[in-house]
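# Understanding the architecture of this molecule
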Amino acid sequence: MVDLKGQYEAIKDSVNASVLNVIESTAFINGPQVHEFQKNLENYLGVKHVIPCANGTDALQIAMMGLGLKPGDEVITADFTFAATVEVIALLQLTPVLVDVNPNDFNIDIEAIKKAITPKTKAIVPVHLFGQCADMDAIMEIANAHNLYVIEDNAQAIGATYTSKDGTKTKAGAISHVASTSFFPSKNLGCYGDGGAIFTNDDDLAHIIRGIVNHGMYKRYHHDVVGVNSRLDSIQAAVLNTKLPLLDEYCNKRKEAANKYNEAFKGQEKITIPFRNGSEDNHVFHQYTLKIQGANRDALAQHLNDNGIPCGVYYPIPLHNQKAYQDSRYNEADFPVTNQLVKEVISLPMHTELDDEQIEFITKTIITFVNG
Ligand SMILES: *Cc1c(COP(=O)(O)O)cnc(C)c1O
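### Let's talk about the site of the ligand
Around the ligand sit N55, G56, T57, T81, F82, A84, V127, D153, A155, Q156, S182 and K187, and those are all the residues in its vicinity. The contact in question runs from an oxygen atom of the ligand to an N or O atom on the backbone of G56, over 2.7 Å. In isolation the ligand has 380 Å² of accessible area, and contact with the protein removes 91% of it. When atoms are counted within 2 Å of each cavity's grid points, the one that captures over half of the ligand is the largest pocket. Considered class by class, the residues forming the shell around the ligand number 4 nonpolar, 6 polar and 2 charged.

### A look at the domain arrangement of the chain
Domain annotation for the chain reports domain 1 (4-100 + 107-245) and domain 2 (247-370). The distance between the C-alpha centroids of domain 1 and domain 2 comes to 24 Å. In this complex, domain 1 contributes 43 residues to the contact, which on the side of domain 2 involves 35 residues. Across the domain 1 to domain 2 interface the summed buried area is about 3,200 Å²; carbon plus sulfur atoms make up 52%. Scanning the region where domain 1 abuts domain 2 turns up 3 salt bridges. Remark: the boundary between domain 1 and domain 2 carries 22 residue pairs in polar contact (both at pLDDT 80 or more). Of the residues that constitute the side of domain 1 that touches domain 2, the class distribution is 22 nonpolar, 12 polar and 9 charged.

### What about the layout of surface pockets?
Approximately 490 Å³ is the volume found for the largest pocket. Forming the boundary of the largest pocket are 30 residues, of which F82, Q156, F184, K187 and H286 lie nearest the centre. Elements represented by at least two residues in the lining of the largest pocket include exactly α3 (56-66), α4 (84-91) and β8 (178-182). In the lining of the largest pocket, the residues fall into 13 nonpolar, 13 polar and 4 charged. For the lining of the largest pocket, the domains that each give at least three residues are domain 1 (4-100 + 107-245) and domain 2 (247-370).

### Looking at the pairing of strand β14 (residues 345-348)
In regular strands, side chains alternate between the two faces of the sheet. A two-sided burial pattern is seen for β14, the buried positions comprising V345 and S347 on one face and I346 and L348 on the other. Pairing of strand β13 (residues 288-292) with β14 involves 4 bridges; the strand directions are antiparallel. Within β14, the position partnered with Y288 by the bridge is L348.

### Some thoughts on the nonpolar core
Counting residues in each nonpolar core, the largest one holds 64 residues, and the members touching the most others are L41, F80, I113, I139, F183 and F199. The greatest single-element share of this core, amounting to 6 residues, is contributed by helix α6 (residues 136-146). Counting residues domain by domain, this core receives three or more from each of domain 1 (4-100 + 107-245) and domain 2 (247-370). Apart from residues lying up to four places away in sequence, I113 is in contact with I76, V99, I108, I124, I139 and I142. Counting 25 residues, the second largest nonpolar core, distinct from the first, contains A63, V75, V178 and L205.

### Observations regarding the packing of aromatic side chains
Following the criterion strictly, the structure yields 13 aromatic pairs and no others. An aromatic cluster is present here, built from F80, F82, F106, F130, Y314 and Y315 joined pairwise through their rings.

### Some details on the sheet that holds β8
With mixed pairing, 7 strands are arranged side by side in an open sheet as β1-β9-β8-β5-β4-β2-β3. Each edge of the open sheet is held by one strand with a lone partner, namely β1 (49-53) and β3 (95-99). Sheet twist, expressed as the mean angle between neighbouring strand axes with direction ignored, is 25 degrees. Sheet analysis places β1 next to strand β9 (residues 196-200), joined by 5 bridges and oriented antiparallel.

### Structural notes on unusual backbone geometry
A negative phi angle is the norm for most residues apart from glycine, just as the trans form is the norm for most peptide bonds. Here the amide bond leading from Y314 into Y315 is cis, since omega sits at 5 degrees, within 30 degrees of zero. Tracing the backbone through its elements, the reader meets Y315 in the loop between α10 (297-306) and α11 (336-344). Not every positive phi belongs to a glycine, and T26 is a case in point at roughly 60 degrees. Structurally, the position occupied by T26 is in the loop between α1 (4-25) and α2 (32-45). One non-glycine residue, Q93, lies in the positive phi region at around 60 degrees. The class for Q93 is exposed, based on a relative accessible area of 56%.

Each value, and the rule that gives it
Residues numbered from 1 in each chain as written. Predicted model: local features only at pLDDT ≥ 70, side-chain atom pairs only at ≥ 80, totals over all residues. Heavy atoms only, no water. Near = heavy atom within 4 Å. Polar contact = N/O pair within 3.5 Å; in protein donor to acceptor, adjacent residues only side chain to side chain. Areas by Shrake-Rupley, 256 points an atom, 1.4 Å probe, with all protein chains shown as cover. 1 Å grid on protein atoms, 1.4 Å probe; cavity = no way out; pocket = protein on both sides within 12 Å on 5 of 7 lines; lining within 4 Å. Sits in = over half its atoms within 2 Å of the grid points. Nonpolar A, V, L, I, M, F, W, Y, C, P; charged D, E, K, R; others polar. Domains from an automatic or database assignment. Contact = heavy atoms within 4.5 Å. Buried area = accessible area lost by both parts, 1.4 Å probe. Salt bridge = Lys/Arg side-chain N within 4 Å of Asp/Glu carboxyl O. Points joined across faces, edges and corners; volume = space filled by probe spheres on them. Helix = DSSP H or I, 4+ residues; strand = E, 2+ residues; numbered from the N terminus. Buried < 20%, exposed > 50% of the residue type's maximum accessible area, 1.4 Å probe, protein only. Pairing = 2+ DSSP bridges. Core = buried A, V, L, I, M, F, W, Y, C linked by side-chain atoms within 4.5 Å. Phe/Tyr/Trp six-rings, centres within 6.5 Å; stacked < 30°, edge-to-face > 60°. Axes fitted to C-alpha atoms, helices over the stretch in contact; angles between N-to-C directions.

Quick look at the structure:
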């Protein structure tokens, strides 16, 4: 699905040197690379504060802790996403409220959010799924009208640019009150282990969060709040400093590969190519995900596997049907889109090193199978 080796080969000399530099300095924790990366990412995103942390799941949890959400507060998020999003809500004893997504871009459905708001609702967590920004104008409008926080889960869309109705362009993750991201190796900006970060334009919130990531300390050995230990280590920061200047190029390569896939699937009735919501730079194709209708998705996945073509089903089970997140308040009739998508979606290899020959082989294999 990804070609981390090919990507590494292209930056081997500079990334090796930067990693070796950390090892020789022995400043493995809180080395200068971490602060440097923080500044570099703040500049790239146009956001006032980046707080690096250990992974994207921690980033979400810490963002929620920073906002002071309390047990019983309701947090609305999408039913069709990776489990990390709902996991941290539950872990903090907040009440997850899963809602359906829209069938085009697979992102959280605006009408479903409106329907789910109660006096206990405190926050909305849109996930920019597969690299495409959710409808942030509408989400921020609802949040402002109801006095809710918005936390963007930007683990899949770093590098995307959202264009508002008024034409303003903002990087994904810099739109809402606070955002989280992941530098897991296969993400669009991946490090060589685990990593994550929280972004915000709010000075007070940034201060609170900097304490939370460091055991609740604002002054050495004074623990004012219950915190966590969540750090991006210096080696990962060094890798990210080498890769961040390449992020736009990486995103462009993904977009080019997506365009080639789209071209090859043109006119195929059983294959729905990814919907693009808004401008070209709104979608950075963390995943290239098709909907298969009128052919057997699972049989196609098996056929691709048999032909040495990796593929993935993200995600095969709606979160509201997962054992850990079932809730008697959910009604199947409220999730028609997610319930359908889990049967139809299939994600194809998508990375910065895809070549024309690979794309041709993949697309031909799929087209022949679904029409066979
Ligand atoms: C990858 C991912 C996460 C979690 O990131 P980790 O760094 O693996 O903890 C959270 N949310 C979404 C949507 C993701 O894709």
